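# Chain and residue survey
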Amino acid sequence: VIFIEAAVLFNDGVFKTISISDGTNANSLFIQYTNTTNQLVVNGRTGAVGFPNPIVNTLLNATLFSKILVKYTPNKINLFIDGVKITNEINNQVLSSNFSRFGFDSGSGGSPLSGKVKSLQLFNVALTDAECIDLTT
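Residues numbered from 1 in each chain as written. Predicted model: local features only at pLDDT ≥ 70, side-chain atom pairs only at ≥ 80, totals over all residues. Heavy atoms only, no water.

### Thoughts on a nonpolar patch on the surface
The condition is simple: Put simply, a patch holds well-exposed residues, over 30% relative accessible area, that have no salt bridge, with like charges counted together within 9 Å and Val, Leu, Ile, Met, Phe, Trp or Tyr side chains within 5 Å. Residue-level accessible areas treat just the shown protein chains as cover; the underlying method is Shrake-Rupley with a 1.4 Å probe. Should a side-chain nitrogen of Lys or Arg be within 4 Å of a carboxyl oxygen of Asp or Glu, the pair is scored as a salt bridge. In DSSP terms, a helix is any run of H or I states spanning at least four residues, a strand is any run of E spanning at least two, and both are numbered starting from the N terminus. When a residue's accessible area, from a 1.4 Å probe over protein chains only, is under 20% of the maximum for its type it is buried; when over 50% it is exposed; and in between it is partly exposed.
Together, Phe104, Val117, Leu120 and Leu122 give the surface a local cluster of nonpolar side chains, amounting to about 310 Å² of exposed area. As for its placement among the helices and strands, Phe104 is situated in the loop between strand S10 (101-103) and strand S11 (115-122). For Phe104, a relative accessible area of 35% gives the class partly exposed.

### Describing the sheet that holds strand S7 (residues 66-73)
Whenever strands of a sheet pair, they do so through backbone hydrogen bonds, lying parallel or antiparallel. Cut-off, in case you're wondering: In this scheme, strands are said to pair when DSSP sees at least two bridges between them. Axis definition: a line fitted to C-alpha atoms, limited for helices to the stretch in contact. Angles are taken between N-to-C directions and run from 0 to 180 degrees. Any pair of residues with heavy atoms lying within 4.5 Å of one another is described as a contacting pair.
The sheet built from five strands is open, its strands ordered S9-S8-S7-S1-S11 with antiparallel pairing. Every interior strand has two partners, whereas the edge strands, strand S9 (84-91) and S11, have only one. Direction aside, the axes of adjacent strands within the sheet are offset by 20° on average. For S7 and strand S8 (residues 76-81), the ladder comprises six bridges, and the chain directions are antiparallel. Counted as the bridge partner of Lys71 is Asn78 from S8. In the packing of helix H1 (residues 129-136) onto the sheet, the strands contacted are strand S1 (2-8), S7, S8, S9 and S11, and the crossing angle to S7 comes to about 160°.

### Things to note about the side chain of Lys71
In plain terms, the rule: The definition of a polar contact used here is a pair of N or O atoms within 3.5 Å, where within protein one atom must be able to donate a hydrogen and the other to accept one, and adjacent residues in sequence count solely through side-chain atom pairs.
Take Lys71: it is sitting in strand S7. Exposure remark for Lys71: the relative accessible area of 14% places this residue in the buried category. Within the structure, the side chain of Lys71 is placed 2.6 Å from the side chain of Asp129, a separation counted as a polar contact.

### Digging into the nonpolar core
Nonpolar side chains tend to gather and get buried jointly when the protein is soluble and globular. Formally: Here, nonpolar core means buried Ala, Val, Leu, Ile, Met, Phe, Trp, Tyr and Cys residues that are tied together by side-chain atoms lying within 4.5 Å of each other.
Residues Leu29, Ile31, Tyr33, Val42, Ile68, Ile77 and Leu79 are the most contacted members of the largest nonpolar core, which totals 24 residues. Looking at this core, the elements that each hand over two or more residues are S1, strand S2 (16-21), strand S3 (28-33), strand S4 (39-46), S7, S8 and S9. With four residues, S1 is the single largest residue contributor to this core. If we skip the residues at most four places from it in the chain, Leu79 touches Val42, Ile55, Asn57, Ile68, Leu69, Val70, Val84, Lys85 and Ile86. Counting residues in hydrophobic clusters, the runner-up holds six residues, among them Phe3, Phe80, Leu127 and Cys132.

### A closer look at the environment of Glu131
Following the sequence through the fold, Glu131 ends up in helix H1. Among the residues examined, Glu131 registers a relative accessible area of 41% and is labelled partly exposed. C-alpha of Glu131 to C-alpha of Gly83: the two residues are 48 residues apart in sequence and 9.9 Å apart in space.

### Points about empty space enclosed by the protein
Regions of empty space are outlined by a rolling probe, equal in size to a water molecule, passed over the atoms. Convention followed: Using protein atoms alone on a 1 Å grid, points that fit a 1.4 Å probe yet trap it form a cavity, whereas open point sets bounded by protein on both sides within 12 Å along at least five of seven lines form a pocket; residues with an atom within 4 Å of a point count as lining. Grid points are joined across faces, edges and corners, and a volume is the space filled by probe spheres set on the points. Under the grouping applied here, Gly and all other residues not named as nonpolar or charged are polar, the nonpolar ones being Ala, Val, Leu, Ile, Met, Phe, Trp, Tyr, Cys and Pro and the charged ones Asp, Glu, Lys and Arg.
In this structure the tally under the stated criterion is one cavity of 30 Å³ or more. Considered as a void within the structure, the largest cavity measures approximately 50 Å³ in volume. Considering the residues around the largest cavity, the lining is formed by 13 residues, among which Val8, Asn11, Lys16, Tyr33 and Thr34 are closest to the centre. Considering only residue class, the lining of the largest cavity consists of five nonpolar, six polar and two charged.

### Section: the pairing of S7
Strand residues, when the strand is regular, have side chains that alternate between the two faces of the sheet. The pairing of S1 with S7 spans five bridges and is antiparallel. The residue bridging Ile2 from the neighbouring strand is Val70, located in S7. Between S7 and S8, which follow one another and run antiparallel, lie two residues.

Structure (structure tokens):
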């Protein structure tokens, strides 16, 4: 589980990324503020191939702090934002089990966050949906 309370500095059309990876962006799980105003995407890559159906969500204002939590297992990813479980999830896509790097970038230095972070927590065990909702509320 990755939990972060963050905001971007600007909605300026530039990708801003938070990731866990094996030190490359070829095998990674990432939370990305996209080049579309207030859009947040959660996706993964295995062997440099991105998952075909990322989780896409529109924030009210990406420059204001949001509590974002990504719960993942090797074949399922869920997103929670500000106390709400986002209903679409990534299923049946195999994530690497060799994540060794956390970064405020795409996994290899690109697309740096350019934002503000109040809180960051990494959990090595899955939380229940109720715990995820509590943490992001």
